[in-house]
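If you want the building blocks of each chain, they are given just below.
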Amino acid sequence: MNVVFTFLENKLMPPLNKLANLRVIQAIMQAGVVTVPFTIVGSIFLIINNLPQIIPPLAPFFEQTVLKLSPLYSVVTTMSIDSIAIFYTLATAFYLTESYRQDTAKQMSSFVGAILGLFAFLLTIVQVDIQNGQAQLLQNNAEESIIYNGVALDSWVTRFSGVGIFIGILTAILAVQIYRLCIIKNITIRMPEGVPDGVSKAFASLIPAIFIAFTMVIINGILAFFHTDLHAVLTQPFEFVKGLTGSWLGIVIIMLLIHLLWVVGVHGTAIIKNSFINPILLVALTENINGANNIFAGDFVNMYIFLGGAGSTLGLVLLMVFNAKSDQLKILGKAAILPGLFNINEPVIFGAPIVYNPYLMIPFIVTPIVNVTISYFSASVGLVNKIISGIPWISPVGAGAFLGTGGDFRGVLIAFINLAVSILIYYPFFKMYDNKLYTQQQK
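Everything numeric here is computed off the predicted structure, so don't read it as measured data.

(A) The domain arrangement of the protein, seen in detail. Per the domain assignment, the segments making up the protein are domain 1 (21-233) and domain 2 (243-440). Taking the mean C-alpha position of each, domain 1 and domain 2 sit 32 Å from one another. The interface of domain 1 with domain 2 comprises 18 residues on the first partner and 20 residues on the second. Of the roughly 1,700 Å² buried where domain 1 meets domain 2, counting both sides, 74% is carbon and sulfur surface. For the pair domain 1 and domain 2, the number of links is 0 salt bridges. Here domain 1 is connected to domain 2 by 0 residue pairs in polar contact (both at pLDDT 80 or more). Secondary structure elements with two or more residues in the side of domain 1 that touches domain 2: α2 (23-49), α6 (84-103) and α8 (165-184). A per-element tally of the side of domain 1 that touches domain 2 places α2 first, with 9 residues. Classifying every residue of the side of domain 1 that touches domain 2 by side-chain character gives 13 nonpolar, 5 polar and no charged.

(B) Local environment of the packing of aromatic side chains. Tallied over the entire structure, the rule returns 13 aromatic pairs. In textbook terms, an aromatic cluster arises when at least three aromatic residues are bridged by ring pairs, as seen for Phe121, Trp156 and Phe160.

(C) Seen up close, the side chain of aspartate 82. Of note, aspartate 82 is situated in the loop between α5 (70-80) and α6. With near-sequence residues (within four places) excluded, aspartate 82 lies in contact with Thr77, Ser155, Trp156, Val157, Phe160 and Ser161.

(D) How the structure looks around the pairing of strand β1 (residues 128-131). Of the strand pairs in this sheet, β1 and strand β2 (residues 134-137) are connected by 4 bridges, and their pairing is antiparallel. Bridge pairing in β2 places glutamine 131 opposite glutamine 134.

(E) Focus on the nonpolar core. Ranked by internal contacts, the top residues of the largest apolar core, which has 100 residues, are Met255 and Tyr304. The greatest single-element share of this core, amounting to 11 residues, is contributed by α8. Counting contributing residues, this core receives three or more from each of domain 1 (21-233) and domain 2 (243-440). With sequence-adjacent residues up to four places away left out, tyrosine 304 is seen in contact with Asn371, Ser375, Val384, Ala401, Thr405, Gly411, Ile414, Ala415 and Asn418.

(F) Quick peek at the packing of α2 against α6. The N-to-C vectors of α2 and α6 enclose an angle of 140°; their axes lie 8 Å apart at closest approach. When the interaxial angle is binned, α2 and α6 end up oblique. Considering only the axes of α2 and α6, their crossing is right-handed. Two secondary-structure elements touch here, α2 through Arg23, Val24, Ala27, Ile28, Gln30, Ala31, Gly32, Val34, Thr35, Phe38 and Thr39 and α6 through Ile84, Phe87, Tyr88, Ala91, Thr92, Tyr95, Leu96, Ser99, Tyr100 and Asp103. Among the residues making up the contact of α2 with α6, the classes are represented as 13 nonpolar, 6 polar and 2 charged.

(G) Representation of α2. The end-to-end C-alpha separation of α2 is 40 Å, in line with the 39 Å expected for 27 residues at 1.5 Å each. At threonine 35, α2 is deflected by roughly 30°, the largest bend along its length, and proline proline 37 occurs up to four residues later in sequence.

(H) A look at a nonpolar patch on the surface. A grouping of Phe203, Leu206, Ile210, Phe214, Ile218, Ile222, Phe225 and Phe226 is seen on the molecular surface, where their side chains present a nonpolar patch of about 840 Å² in accessible area. Considering every element that reaches the nonpolar patch, the biggest residue donor is helix α10 (residues 206-225), with 6 residues. Tracing the backbone shows phenylalanine 226 in the loop between α10 and α11 (230-245). A relative accessible area of 57% places phenylalanine 226 in the exposed class.

(I) Highlighting the confidence of the model for the protein. Averaged over all residues, the pLDDT of the protein is 85; the fraction at 70 or higher stands at 91%. Of all helices and strands in the protein, the one with the weakest mean pLDDT is helix α1 (residues 2-20) (66), whereas helix α7 (residues 110-122) scores best (94).

(J) How the structure looks around the packing of α8 against α10. It is the contact of α8 with α10, at a shortest axis distance of 9 Å, that shows an interaxial angle of 135°. Considered as vectors, α8 and α10 are oriented oblique to each other. For α8 against α10, the interelement crossing comes out right-handed. The residues of α10 that touch α8, namely those facing Thr171, Leu174, Ala175, Ile178, Tyr179 and Cys182, are Pro208, Phe211, Ile212, Thr215, Met216 and Ile219. In the contact of α8 with α10, the residues fall into 10 nonpolar, 2 polar and no charged.

(K) How the structure looks around the environment of phenylalanine 409. With respect to the helices and strands, phenylalanine 409 occurs in helix α20 (residues 409-442). Classification of phenylalanine 409 by relative accessible area gives exposed; the value is 58%. A C-alpha to C-alpha distance of 8.7 Å links phenylalanine 409 and glycine 398, two positions 11 residues apart in sequence.

(L) Here's a closer look at the side chain of threonine 35. Along the chain, threonine 35 turns up in helix α2. Residue classification places threonine 35 among the buried positions, given a relative accessible area of 2%. Look past the residues within four positions of threonine 35 in its chain and what remains in contact with it is Ile84, Phe87, Tyr88 and Leu282.

(M) Seen up close, unusual backbone geometry. The omega torsion of the bond from alanine 352 to proline 353 falls at -15°, within 30 degrees of zero and hence cis. Phi at histidine 227 takes a positive value of approximately 60°, unusual for a residue other than glycine. Residue placement: histidine 227 occurs in the loop between α10 and α11. One non-glycine residue with positive phi stands out, namely asparagine 343, at about 65°. Along the polypeptide, asparagine 343 turns up in the loop between α16 (327-341) and α17 (346-351).

(N) Structural view of the environment of methionine 320. By secondary structure assignment, the location of methionine 320 is in helix α15 (residues 314-323). For methionine 320, a relative accessible area of 0% corresponds to the buried category. Residues methionine 320 and tyrosine 427, spaced 107 residues apart in sequence, show a C-alpha to C-alpha distance of 9.9 Å. When neighbours within four sequence positions are excluded, methionine 320 is seen to be in contact with Leu329, Lys330, Leu332, Gly333, Val348, Ala352 and Phe430.

Rules and cut-offs
Residues numbered from 1 in each chain as written. Predicted model: local features only at pLDDT ≥ 70, side-chain atom pairs only at ≥ 80, totals over all residues. Heavy atoms only, no water. Domains from an automatic or database assignment. Contact = heavy atoms within 4.5 Å. Buried area = accessible area lost by both parts, 1.4 Å probe. Salt bridge = Lys/Arg side-chain N within 4 Å of Asp/Glu carboxyl O. Polar contact = N/O pair within 3.5 Å; in protein donor to acceptor, adjacent residues only side chain to side chain. Helix = DSSP H or I, 4+ residues; strand = E, 2+ residues; numbered from the N terminus. Nonpolar A, V, L, I, M, F, W, Y, C, P; charged D, E, K, R; others polar. Phe/Tyr/Trp six-rings, centres within 6.5 Å; stacked < 30°, edge-to-face > 60°. Pairing = 2+ DSSP bridges. Core = buried A, V, L, I, M, F, W, Y, C linked by side-chain atoms within 4.5 Å. Buried < 20%, exposed > 50% of the residue type's maximum accessible area, 1.4 Å probe, protein only. Axes fitted to C-alpha atoms, helices over the stretch in contact; angles between N-to-C directions. Parallel < 35°, antiparallel > 145°, perpendicular 65-115°, else oblique. Left-handed = near helix turned anticlockwise from the far one by under 90°. Expected span 1.5 Å × (residues − 1). Bend = angle between axes of the 7 residues up to and from the residue. Patch = residues over 30% accessible without salt bridge, like charges linked within 9 Å, V, L, I, M, F, W, Y side chains within 5 Å. Areas by Shrake-Rupley, 256 points an atom, 1.4 Å probe, with all protein chains shown as cover. pLDDT = per-residue confidence, 0-100.

Following this line, the structure appears as structure tokens:
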């Protein structure tokens, strides 16, 4: 056990902590939080469209009433989930600019940084090809792939959806760096005092916008010469990473890393899931909405694995409430049960504690891996519907699975099976630890 702790503290934690504290990573994490409300709002109206599948006996009623208005309210889903790359780009550029503004470049404006980031992203949307020295907008009217004047379309602009998130992040970072360089080198237009703030910001963004425009045109031109563009270039490495997260082994490794960090007191969820995995899950969710069948998508983790929070600790809390002999665990369980129902478990992780606790760290690591296995293979063989809706991460056990799968009661069953399994895994370790505390209490 000491060898494990030493390895985690000395080898794994330092590089991951440095990575998590980078400005760019912090900005991406904050951007991910900002986009959550839009995925949830869009999913509400998506669920309305799935009411006939959720409540089959009432299907004729829904088809004759609410679904007749689908073209009206489906606009909400189109402008939220199907436009999620726009929100990600704006938020990433805003928070990255804000970080620089608070630290080294106080003359920067977070608002200007955000719109410059969006501007750079929009410059990657149109597909251009160069042949024989002639640039032309791509056109394609094939049934499965429509490109009109260089813009790929399905029900909406394709690259505004989840597939554009990573390009949006990269262009936001590039635009903010160009903007920052202009400010540091004093390459900007300064208006005299007394000029309205909006006018000053507009002129302050002019020169950075010019540099960003030329930079993106040059990048797009070089890639167009080779008959490709930024989105196509990044498809292959992204598909490789997405393939890892789409496999059982890949998800197991992710869960293992998250929980190894937690047991030494580091917020593994924030460092690994919120920083790197959530954008991939969001892309997979938008693909599922459009007909794909990704298992690891949306809030798969909170629906099936993080029951009560990281480590599936709701089972442990229930054991504390109903089975603990020691006052320490009994009182902690009563205090932690309400937060645990909404997937908040810091009171347990640091209060039991699980951190650096050989009694509880083993089930804390093992339980999510078992839950992943049950959930992954249940979905892979069709025992439960794919995930098509975003949910609040605080959704109680079963509720999130029901909403996320578009109303599939089998998802609720799998979530509660995972909860029961977590209780069984925690039980022997909990009893050993509880007996130890009870003995100490008696003395």
